[in-house]
Amino acid sequence: MRVFDSNWMQIADYLQRDDRIVLPVGSTEQHGYLSLGTDALLAERVSVEAAEPLGVPVLPVLPFGMAPYFVEYPGSMSLRMSTYIEVIRDLLNCLASQGFRRIAVINGHGGNAPVAGLIREWVCLPREERVEVLFHSWYNAPKTAEAASRFDDDQFHGSWLENFAWTRVDGVEIPGGSAPVLPRSLADNVTAREMRELSPDGSLGGAYQRSDEDMRIVWDAGVAEVRELLEKGWLDQ
């Protein structure tokens, strides 16, 4: 259930019988021809679909992340690492103080990965009761990555892998064919201005699109993997 579809009393009642909650995190950044909200849209949707049959509440997605390499593309936002870490810390503190003991952070943006270090530190702080926090990047988790690799071994930002019906923008025609794949070693070291020059349309390489049937296979794997995490990924079941 989406937290926004509940009032606080319903969440308090839920805490009497369960202590799990999902926090989706994404980014607002260019994705070529796709929505600037692609990472946030996917993180929230995969969380909601996975959690719905379990009755686990899902917070609204945190739509801003760390994407300094894309800020030359208008509309792309980036938080400093120090800012982002403190935002996540504050959210975890709130949830723990309210009685949530199993928190799943479902990530939709590769640039957010460094926050896993903060989560590890946070979990180790002394508390009267254990609080578990799972950090799960849904898009490259093992079963989802395996499903995507059935179609293409090399998927990169802004390519077919993120081209779902719900990340497309009305009235925008997505090209056929492929873009040259930008070497990851290069992508990890260029400045924001250089990134804009190297990738004029924002795609970092690979096919622009695949059939909706192929995309459904990848999506279903992602939803199933998140649901399995919410059901079986905890030390304290």
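Residues numbered from 1 in each chain as written. Predicted model: local features only at pLDDT ≥ 70, side-chain atom pairs only at ≥ 80, totals over all residues. Heavy atoms only, no water.

- Going by what an unreviewed UniProt entry lists, the protein is known as Creatinine amidohydrolase and is assigned to Microbispora rosea.
- Of the protein, the UniProt comment under Cofactor (unreviewed entry) reads exactly: "Zn(2+)".
- Among the UniProt annotations of the protein, the heading Sequence similarities (unreviewed entry) holds the following wording: "Belongs to the creatininase superfamily." (UniProt positions renumbered as here; feature names shortened; annotations may be inferred.)

**Considerations on the overall build of the protein**
Here is step 1 of the chain: Scanning the protein from N- to C-terminus turns up 8 helices and 5 strands.
Here is step 2 of the chain: Here the C-alpha atoms of the protein give a radius of gyration of 18 Å, agreeing with the 18 Å that 2.2 N^0.38 yields for 237 residues.
Here is step 3 of the chain: Taken over the C-alpha atoms alone, the protein extends approximately 55 × 40 × 30 Å along its principal axes.
Here is step 4 of the chain: The proportion of buried residues among the 237 residues of the protein is 48%.
Here is step 5 of the chain: Counted over contacts in the protein with a minimum sequence separation of 6, partners at least 24 positions apart contribute 80%. (Helix = DSSP H or I, 4+ residues; strand = E, 2+ residues; numbered from the N terminus. Rg over C-alpha atoms; globule rule 2.2 N^0.38 Å. Buried < 20%, exposed > 50% of the residue type's maximum accessible area, 1.4 Å probe, protein only. Contact = heavy atoms within 4.5 Å.)

**A short note on the pattern of salt bridges**
Here is step 1 of the chain: This model, assessed by the stated rule, comprises 12 salt bridges.
Here is step 2 of the chain: Residue E44 pairs with R2 through a salt bridge whose shortest N-O separation is 4.0 Å. Within this pair, whereas E44 is found in helix α2 (residues 38–51), its partner R2 is found in the segment before α1 (8–14), the two being separated by 42 residues in sequence.
Here is step 3 of the chain: Classification of E44 as partly exposed rests on a relative accessible area of 21%.
Here is step 4 of the chain: Residues E228 and K143 are paired through a salt bridge, measuring 2.9 Å at the closest nitrogen-oxygen approach. (Salt bridge = Lys/Arg side-chain N within 4 Å of Asp/Glu carboxyl O.)

**A closer look at the environment of G99**
Here is step 1 of the chain: If you trace the backbone, G99 turns up in the loop between α3 (81–98) and β2 (102–107).
Here is step 2 of the chain: C-alpha separation for the pair G99 and R20, spaced 79 residues apart in sequence, amounts to 9.4 Å.
Here is step 3 of the chain: When residues no more than four places from it in sequence are discounted, the contact partners of G99 are L15 and D19.

**Quick word on empty space enclosed by the protein**
Here is step 1 of the chain: Counted under the stated rule, the structure contains 1 cavity of 30 Å³ or more.
Here is step 2 of the chain: Volume-wise, the largest cavity comes out at about 30 Å³.
Here is step 3 of the chain: As for the largest cavity, its lining consists of H31, Y33, L34, G158, N163, I174 and Y208.
Here is step 4 of the chain: A class-by-class count of the residues in the lining of the largest cavity yields 4 nonpolar, 3 polar and no charged. (1 Å grid on protein atoms, 1.4 Å probe; cavity = no way out; pocket = protein on both sides within 12 Å on 5 of 7 lines; lining within 4 Å. Points joined across faces, edges and corners; volume = space filled by probe spheres on them. Nonpolar A, V, L, I, M, F, W, Y, C, P; charged D, E, K, R; others polar.)

**A look at the layout of surface pockets**
Over the atoms a probe the size of a water molecule is rolled, and this reveals where empty space is left.
Here is step 1 of the chain: Size it by volume and the largest pocket reaches roughly 730 Å³.
Here is step 2 of the chain: What lines the largest pocket is a set of 30 residues, and nearest its centre among them are G110, G111, Y139, F156 and H157.
Here is step 3 of the chain: Of all elements in the fold, only α2 and α6 (184–187) reach the threshold of two or more residues within the lining of the largest pocket.
Here is step 4 of the chain: For the lining of the largest pocket, a count of residues per class yields 14 nonpolar, 9 polar and 7 charged.

**Thoughts on helix α4 (residues 115–123)**
Here is step 1 of the chain: All of the buried residues in α4 are V115, L118, I119 and W122. Down the axis of α4, the sector holding all buried residues measures 100°, keeping them to one side. (Arc of directions from axis to C-beta.)

**A short note on the packing of α2 against helix α8 (residues 212–232)**
Helices that pack against each other are described as a pair by the angle of their axes relative to one another and the distance between those axes.
Here is step 1 of the chain: Axis separation between α2 and α8 bottoms out at 8 Å; the angle between their running directions is 60°. Comparing the axis directions of α2 and α8 gives the class oblique. Crossing of α2 over α8 shows right-handed handedness. Listed contacts from α8 to L42, R45, V46, E49, A50 and A51 of α2 are W219, G222, V223, V226, R227 and L230. (Axes fitted to C-alpha atoms, helices over the stretch in contact; angles between N-to-C directions. Parallel < 35°, antiparallel > 145°, perpendicular 65-115°, else oblique. Left-handed = near helix turned anticlockwise from the far one by under 90°.)

**A few points about the nonpolar core**
The tendency in soluble globular proteins is for nonpolar side chains to be buried as a group.
Here is step 1 of the chain: Core analysis: the biggest nonpolar cluster contains 50 residues, and V22, I88, I103, I106, V133, W138 and W219 have the highest contact counts within it.
Here is step 2 of the chain: For this core, the secondary structure elements donating two or more residues are α1, β1 (20–25), α2, α3, β2, α4, β3 (132–137) and α8.
Here is step 3 of the chain: Broken down by element, the residue count for this core peaks at 7 residues, all from α8.
Here is step 4 of the chain: Once you skip the residues sitting within four places of it in the chain, I106 turns out to touch V22, L23, P24, V25, A43, V46, S47, H136, W138, V226 and L229. (Core = buried A, V, L, I, M, F, W, Y, C linked by side-chain atoms within 4.5 Å.)

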